Each structure stands twice: as structure tokens, then as C-alpha cells.
Amino acid sequence: MDALLESLARTVPEAIVCLGLLLVVVLDSAGGAARRAIGPISVLSLLLALVALSRETGAPVASWSGMIASDPLSALLRALILLGTLLVLLSFDLGRSRELKGLGLGEFHALLLAVAFACLLLASANDLVMVYLALEMVSIPSYVLVAYLKRDPRSNEAALKYLLFGAASSGTMLYGLSLVYGIAGTTSIAGVSAAMAGSLPAGSSFGLWLAALLVFAGFGFKVAAVPFHFWCPDAYEGAPTPVAAFLSVVPKTAGFAVMMRFCFEALSLQRGGALALVEIVDWPQLLMWISVATMTLGNVAALTQTNMKRLLAYSSIAHAGYVMMGVVAMSEDGGRGVLVYLFTYVLMNLGAFGVVAAIHASEGSFDLRDYAGLHRRSPLLALAMATFLLSLMGLPPFVGFFGKLYVFGAIIARGPEFYWYAGVGAVNAAVAAFYYFRVMRAMVIDPETGTAPALSLGGREALALCALAALNVLPTLAWGRVDEWTRAAMVLLPR
Amino acid sequence: MNLEPTLAHYLLVSAALFALGLLGLITRRNAVQALMGVELMLNSANLNLVAFSRFGTGGIDGQVFGTFVIVVAAAEVAVALALVLALYRMRRTPNLDAATTLRG
């Protein structure tokens, strides 16, 4: 009983989100005036969870019989997940959305909270069983969210493709996890790491390599890495815009969280405050090729897109490739690079999707050609979009710059044999600048066909976008604080 | 002659099941048949887990894991069949190649 209460005390944020989710379901089925409370309740439960998380104290421990890791790393990642979900709920005016018109919003909030809850579990999963369970708990409500526009065949098609890819890659991952269990003889990540450090059964080197490859299929699907990315553009295009924005930041953060934990804790040995490779699995090599393919394919495919949701989908694939650089670096700096990149990505990508949603709410179009003359029709939207795009490009003084700075720095610190990899990343960043500038050119320079009237912008959207744009610049002024947070979260204990 | 099955036999069967499941998932046009492929993949992993649990040093961890997998598979297939039903209502066919609006 004591152990149970102690575990519960370390997962208060999860409990609050879970209660909020149940309350939303009850209020939605009560109907009538109760439904008006759903939005505020969701926001409130996320806010309370963030407060609870910030007040969490105690030494790093594995709670719930070793299923959940309660440590500084999981705390920061959970904070990012809660922040991302909160920003999605605050910055999208669901009532004004053309896509969601006529559909109930109760289930929408419930599903969003369900995914957020599962992401919290995934970010602190400390056992292979929990990794698989949490990953599926993220995936299943995500499929439903993508299919939310039930009268739109494209939404249904997107969800079906998402589900089939998801089922294939999670099945593959499960097969890999079963092999890891067979070789290590335990499902706990700490146990797997200990088994790797000891003597493994003869002939298990190929099996372990295969298992790592298969497990990466599941992680690759969650973060939309090549070759598991095919669902991503279709799912983003078919899904409602707030869902696409949510999927591009929150489950991706959780996916990188579990990838980092699996790579750094199960497949590496911590020696004297640094990570050492388990001798038989050279996973950084494997991950490096995935990362190179991911960023290159994402950027090249984004060049020719004219649908803004597809363009942002390919851009998010490319960004996953950059984040992976931090994991490949296999060091404290690399891990901090991943954290910084994920934090900045939440701010810039939600902003870009916010502008896309605002334009769709008043124009009914996702086509880049309809963005012509935006600087005249709505200077505020054009300015906000320019901020987010420059941040996505990685230009200082916008926060996106820091993400790239940290991961590239971590890779270069690994030594000359990794310079070419950093070079590929730099060339990719230049290619990406090309299509981000193309969007800006469409907004400012491209000639307008006819004289479209000024865009109407809801007060809440305007406020949210201004706040997000400010958040893309302001952290730069106090970067020392952000640096400190990531430094505290990513500590390899000397042992 | 000793006919007692060993770990290797179980692993061979599960590898074959996994390959068949993946093949079915990739090649079947009918959405329901593709989902059967998914079930085969999950159950091949289950077989692995239970076999490792029986023959290895892992205790009953693998059997517990397998139980969870069965539960998750049921939840997944419920959502999947709902989506297939929606596909059928809109396009009057359960074939996946009818769903080709999204491209590029």
C-alpha cells in the first residue's frame, strides 16, 4: 500500500489529466449547458497537471513496480507534452473552424486528453511492456482523431492509412521487443542494460542487432522518420488542422522521449558520466542513416508542395531528422540538443499550423496560391507566419536557431568522422530555407488574382498567434534559464 | 527419436507467422484481410514472448506481456473495423485501393 501511494505521488500530473478526461466524458454525455464547461475543464486539468509537475520533488525513482521512471528527464519531457497540448487547446479556435463545424467537441477534447495522457506515460516508460502499451495508447486515439471529420472521405482515408502503417510498425516493434526480452531475460529497461553489460548468450549478436532494427520501426513510425513516414503527409492533410498540429508536436515529443530512453539506457552503458556503446549493436550508425534519409527526403519532397498542410507535414519529417542528430551524438550534449529542439519545435510548429488554421477559417483554403497578398489582407497573420517560418528555418534571434545550434554542436563534438553528417544537415537546412522562403514570397511578393477582401481574424486567434510569435523570440533573451533546465534534466550519473 | 519441441522450433514458427502476416498486410486489397495480417504479426510476437518465458530465464514476464498484447490487439481492431465500416459506407467497397484521394 505504501509503495502504491508513493508511486501515485510521483504521477500526480497523469492522475489529474486522467480525471480531467473522465470529467469531460461525463459532461459531454450530460449534454446541454454542461457541455460549455468542457473546454475550460480540459485547459484547467492541463494547467493543474503542469503546476503539479513543477512541484514534484524527490530523488529519481522507478515507480509503479518499475514501470514508470520518475526522473528529471521524464519530468522535462512531460512538461513539454503538457505545454504542447495546452497550446493546441488555447491557440486553435475550435468553434470557428470550418472543418469541425457541426461535429461535437466533447469527444474531441476527450480524445486529445487521452493522447496526452498516453504520451505522458510513454515519456516516462521504464519497461518494455510499458513502452508497447503506451505507444499503442498514443496511437489508437490518434487514429480516431484523424478520422474525426466523419463525413469527409479524405479524413477516413487518412485515418485508415495511418492505422495500417501504425499497426504494421507497432507489430514489427513488438516482435523486436519480444526478441529483446528473449535475449535479456527481462522486460525492465534497467535489466536489459544490465544484461547487455554482462555476458550474453553465444550467437545473440545478430538477434540483438535485428531486434534493435525492428524496435526502431516502431519509434520511427511515431516520429515520422523515413522509411516509416508515408502516413504523415496523408494523415496531416486529411485530419482537422488542430489535430495535425497536435500530432506533429505532442506524440512526436513522446516518440523521441522513448527513443532516447531506449537508446541511452537499454542499448548503451553509462560509464563515468558518459555513454558507451554496447559492443554488439552499433545503433548510432543505424540511426544516422535513418536520420540522413529522413531530413533529405523530407526537405526535397517539401519543395514541390502547394498544400500548406502537406508542406508542413514534410517539413515536420525533415525536423525529425535533425532531432535524431542529438540521439546519434550519444552524449549529454546530444540529449540536451534533443530537449531544446523539441521545446522550440512545439513553439514554432504550433504557430505555423495556427496561421494555416486561421486562414482556412476565413478563406476555406489550404492552397499556397491563396496566400497571395496576405501582407495586405492581414498584416498581423503575415507577420506572425514570417516569424514562425524564420524560426523553423533556424535563423537567430528566433528560438529555432538554438535547437539546430545544440544538435549540430553535439554532433561536431563527436569528432571528425561525423563532420560529413553535420555537413549533410547544413545543406538540408539551406534546402529547407528555400521552401520556407517560397511561402513568404507567396504572402508578400506574388501578384494577387483579383482583389480579395481583408481576412477576418477572431480576437482569440489573434491573441494566441501574437503570444506564440512572442514566445518564438522572448526565450532568446533569457536563454540561460532554458539552458539550465535542460542541463538539470539530462544528467548522466557517474557510476 | 526425441520429438520434444525446443525453443528453436517455436522461434521458427513465429518467424514464419510474422513474415506471413507482413506479407498479407502488404498484398491484400481487402481491408479486413489486411487486418488479419496485423493479427498474425501480433500473435507471432506473442508466441515468441510465451516461448521465451517458458524456455528462458525471464520468469512469467513474457506471459504477462502477451496478455497485454492480446488486450491491445482487441482495442486496435475495434477502431480499425469502425474505420473500415466508415470506408464501406462512403465508397461501397471494403477495398483499400478505393481510398486514393490523398496523393503527392
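The structure under discussion appears in the preceding block.
A brief structural summary. (Residues numbered from 1 in each chain as written. Chains lettered and ligands numbered in written order. Predicted model: local features only at pLDDT ≥ 70, side-chain atom pairs only at ≥ 80, totals over all residues.)

1. A closer look at helix α6 (residues 128–146) of chain A
Our working rule: Where helices and strands are cited, they refer to DSSP runs of H or I of at least four residues and of E of at least two residues respectively, numbered from the N terminus. Here the expected length of a helix is defined as 1.5 Å per residue gap, with one fewer gap than residues. Partly exposed residues are those falling between the two cut-offs: more than 12 but fewer than 20 other C-beta atoms within 10 Å of their own, whereas 20 or more means buried and 12 or fewer means exposed, with C-beta atoms placed from the backbone.
The terminal C-alpha atoms of α6(A), which comprises 19 residues, lie 27 Å apart, in line with the 27 Å expected from a rise of 1.5 Å per residue. Judged by how many residues are buried, α6(A) sits mostly within the fold: 19 of 19 residues are covered.

2. Comments concerning the interface of chain A and chain B
Inclusion rule: By the convention adopted here, residues are in contact when the distance between their C-beta atoms, placed from the backbone, does not exceed 7 Å. Residues are sorted three ways: Asp, Glu, Lys and Arg are charged, Ala, Val, Leu, Ile, Met, Phe, Trp, Tyr, Cys and Pro are nonpolar, and all the rest, Gly among them, are polar.
Contact with chain A, which involves 34 residues of that partner, is made by 36 residues of chain B. Among the elements of the structure, α6, α7 (153–184) and α10 (231–238) of chain A are those that each provide at least two residues to the side of chain A that touches chain B. The element that contributes the greatest number of residues to the side of chain A that touches chain B is α7(A), accounting for 18 residues. Within the side of chain A that touches chain B, the residues separate by chemical class into 18 nonpolar, nine polar and seven charged.

3. What about the packing of helix α16 (residues 379–393) of chain A against helix α18 (residues 419–444) of chain A?
All names here are of chain A. The test is simple: Where helices are involved, their axes are fitted lines through C-alpha atoms of the stretch in contact, as for all axes, and angles between N-to-C directions lie from 0 to 180°. Note that the term roughly parallel is reserved for angles under 35 degrees, roughly antiparallel for angles over 145, roughly perpendicular for angles of 65 to 115, and oblique for everything else.
Packing of α16 against α18 leaves a shortest axis separation of 9 Å and a crossing angle of 170°. In terms of orientation, α16 lies roughly antiparallel with respect to α18. In this structure, α16 contributes A382, M385, A386, L389, L392 and M393 to the contact, and α18 contributes A432, A433, Y436, V439, M440, M443 and V444. In the contact of α16 with α18, the residues fall into 13 nonpolar, no polar and no charged.

4. Re the environment of A:K150
For A:K150, the position within the fold is in the loop between α6 and α7. For the pair A:K150 and A:L100, spaced 50 residues apart in sequence, the C-alpha to C-alpha distance is 9.9 Å.

5. Here's the deal with unusual backbone geometry
Residue and element names in this part refer to chain A. Here the amide bond leading from V226 into P227 is cis, since omega sits at 0°, within 30 degrees of zero. Its location among the elements puts P227 in the loop between α9 (204–223) and α10. Across the junction of P396 and P397, the peptide omega takes the value 5°, indicating a cis bond. Considering the arrangement of structural elements, one finds P397 in the loop between α16 and α17 (400–412). Here W64, not a glycine, exhibits a phi torsion of approximately 50°, which is positive.

All quantities given are derived from atomic positions and should not be read as evidence of function.
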